[in-house]
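Spelled out, the chains give:
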Amino acid sequence: MNLNLTSTITTDRYPLRRDIVNLCQAAGKPLLKLSTRDYAEHGMMHWVEKFGSAALVNIEVFNELQHTITGWPGGKPNADDTTRPERAFPFPKRVIVFSPHPDDDVISMGGTIRRLIQQENEVHVAYETSGDIAVDNEEVRRYLHFVKGFQNLFDGADQTIVDCCQKVLAELRERNDNEAESAQVLAVKSLIRQGEARLACAYNGIPGSHIHFLELPFYESGKIEKLPMTERDVEPIRRLLADIKPHQVYVAADLADPHGTHRKCTDAVLAAVDEEKKAGAAWVADCRIWMYRGAWAEWDVADIEMCVPMSPEELREKRNAILKHQSQMESAPFLGNDERLFWQRAEDRNRETAQAYDRLGLACYEAMEAFVEYRF
């Protein structure tokens with residue numbers, strides 16, 4: 001089993017597109033205003049010679065990029081899909097969004113998730129890790145004090161629950177920073193993140209039966225440094241894929257994630273798909289895998305194969321879903337060198353993608369979420 005498939009991901013599929021996008025940036029012009037002189041001054045006359053004129057090169061790249069934009073990420077039924085990034089049928093589609101942590105789904109593709117659901121696709125979200133170590137101790141104290149207070153509201157409070165709260169609170173007071181957190185503390189932190197994920201899913205209209213907490217074993221070291229990924233991480237993903245038989249799978253390709261969790265999670269998904277393919281599972285032939293980014297980086301315009309636009313209202317709805325993950329706001333310990341909160345990063349990157357399309361002379365939207373297809 002190949003457990004390092006992300007190393008095989010290549011995105012430089014469009015040399016013409018990349019060259020002309022770079023030329024637009026160098027010349028400070030939108031696509032359809034590039035002249036023969038611009039091509040000559042920047043050493044790109046070979047493209048003009050190949051197509052016959054600068055105008056024909058411009059139109060070719062303009063059309064390529066225009067066809068990446070879609071308001072129907074699950075495919076539009078009863079429509080010509082010749083130039084659309086997703087096929088029209090089957091419709092509606094069964095979709096699995098794999099989220100490395102319990103907030104990457106809404107951070108990276110929250111607008112697309114809402115669009116898929118509004119267009120009546122069957123959307124499942126699979127949270128691959130618990131994300132427990134990213135919960136600050138203050139959050140644990142806040143929840144435990146609430147539980148104790150809730151118990152005290154009623155006569156005959158369950159003393160076992162009160163005692164458990166006291167035990168965990170005592171550990172938080174007495175544990176020094178060099179000691180590993182107990183299984184009890186990590187379990188509470190995991191519950192906090194699960195609750196936040198359920199709230200965000202409910203806000204987006206995803207039913208509880210379509211929420212899957214996989215808690216992959218590689219993550220559960222209790223430390224920043226994770227365990228090696230093994231077949232034990234792949235198997236629960238493979239079972240979920242075999243059960244749902246998706247037409248679309250979304251995976252994280254934010255390989256700039258400083259702790260490597262995204263890479264391992266994506267490797268596990270791709271390995272599971274590979275195993276299903278080798279086993280002859282029929283669903284694989286009718287499935288497309290889309291890779292998203294957003295928390296740590298964004299796709300270059302030249303690489304994008306599907307771009308889902310958002311209005312100002314839709315961007316605000318995406319923010320509202322991200323804000324359901326309260327433990328990951330100001331108190332989140334792993335924001336990295338980027339001082340912006342995750343909702344701010346997401347909005348800035350989505351707006352920057354829309355602005356990049358606008359500068360090239362394409363439609364001007366408030367924000368856009370971008371995807372690249374993984375060929376397997």
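In case you missed it, the structure is sitting above this.
About the cut-offs
Numbering of residues begins from 1 in every chain and follows the order in which that chain's sequence is written. A pLDDT threshold of at least 70 governs which residues receive local features in this predicted model, and a stricter bar of 80 or more applies before side-chain atom pairs are shown or counted, although totals over entire chains, interfaces and linings include all residues. The side-chain values count all of the structure's non-hydrogen atoms but skip hydrogen atoms and water molecules. Helix numbering and strand numbering both begin at the N terminus, where a helix is a DSSP run of H or I of at least 4 residues and a strand a DSSP run of E of at least 2. We call two residues in contact whenever any of their non-hydrogen atoms come within 4.5 Å of each other. By convention in these notes, a salt bridge is any Lys or Arg side-chain nitrogen within 4 Å of a carboxyl oxygen on Asp or Glu. Among buried residues, those of type Ala, Val, Leu, Ile, Met, Phe, Trp, Tyr and Cys that are joined through side-chain atoms within 4.5 Å constitute a nonpolar core. Exposure is judged per residue with a 1.4 Å probe applied to protein chains only, and the accessible area is read against the type maximum: over 50% gives exposed, under 20% gives buried, and values in between give partly exposed. N or O atoms within 3.5 Å of each other form a polar contact, as long as, within protein, one can give a hydrogen and the other can take it, and as long as residues adjacent in sequence are counted only when both atoms are side-chain atoms. Axis lines are fitted to C-alpha atoms, over the contacting stretch for helices. Their N-to-C directions set the angle, which ranges from 0 to 180 degrees. Under this scheme an angle from 65 to 115 degrees is roughly perpendicular, one under 35 degrees roughly parallel, and one over 145 degrees roughly antiparallel; angles in between are oblique. Helix crossings are classified by the rotation of the near helix relative to the far one: an anticlockwise turn of less than a right angle makes the crossing left-handed, while a clockwise turn makes it right-handed.

Chemist: For this particular structure, what's the right way to read the environment of S190?
Modeler: Within the fold, S190 resides in helix α8 (residues 183-204). Separated by 135 residues in the primary sequence, S190 and A55 have C-alpha atoms spaced 56 Å apart. Those residues in contact with S190 that lie beyond four places of it in its chain are S130, D132 and E215.

Chemist: Would you take a moment to explain the pattern of salt bridges for this structure?
Modeler: Opposite charge on two side chains permits pairing when their charged atoms draw close. Under the defined criterion, the tally for this structure stands at 27 salt bridges. In this structure, the salt-bridge partner of E139 is R142, at a minimum N-O distance of 2.9 Å. Remark: R142 and E139 occur in helix α6 (residues 137-152); sequence separation between them is three residues, near one turn of the helix. What you see here is one network of salt bridges that share partners, running through D12, R18, D300 and D303.

Chemist: Would you mind showing me how to read unusual backbone geometry here?
Modeler: Excluding glycine, residues mostly carry a negative phi; peptide bonds, for their part, are mostly trans. In the segment running from F89 into P90, the intervening peptide bond is cis, with an omega of 5°. Looking at the secondary structure, you find P90 in the loop between α4 (54-66) and β1 (94-99). Residue P92 follows F91 across a cis peptide bond; omega there is -5°. Examined against the element boundaries, P92 turns out to sit in the loop between α4 and β1. One non-glycine residue with positive phi stands out, namely E215, at about 45°. Checked against the element boundaries, E215 lands in the loop between β3 (211-213) and α9 (231-244). Even without glycine at this site, K245 takes up a positive phi of about 55°. Structurally, K245 can be placed in the loop between α9 and β4 (248-252).

Chemist: Got a minute to help me understand the nonpolar core in this structure?
Modeler: In summary, soluble globular proteins display a tendency toward joint burial of nonpolar side chains. Counting 60 residues, the largest nonpolar core has I20, L31, Y39, F98, I237 and L241 as the members making the most contacts within it. If sequence neighbours within four positions are ignored, L241 has contacts with I96, F98, P246, V249, A272, V273 and W283. Residues V95, L116, Y250 and Y292 belong to the second largest nonpolar core, which totals 19 residues.

Chemist: Looking at this model, I keep getting lost on the side chain of E181. Mind explaining?
Modeler: Mapping E181 onto the fold places it in the loop between α7 (159-174) and α8. At 2.6 Å, the side chain of E181 forms a polar contact with the side chain of K189. When sequence neighbours within four positions are dropped, the list of residues in contact with E181 reads N137, E171, R175, L186 and K189.

Chemist: Help me out: how do you make sense of the packing of α6 against α7 in this one?
Modeler: Two elements in contact, α6 and α7, have axes whose closest approach is 10 Å; the angle formed by their N-to-C orientations is 155°. Here α6 lies roughly antiparallel to α7, going by the angle between them. Both α6 and α7 take part in a crossing whose hand is left-handed. Where α6 abuts α7, its residues N137, V140, R141, L144, H145, V147, K148 and Q151 lie against I161, V162, C165, Q166, V168, L169, L172 and R173.

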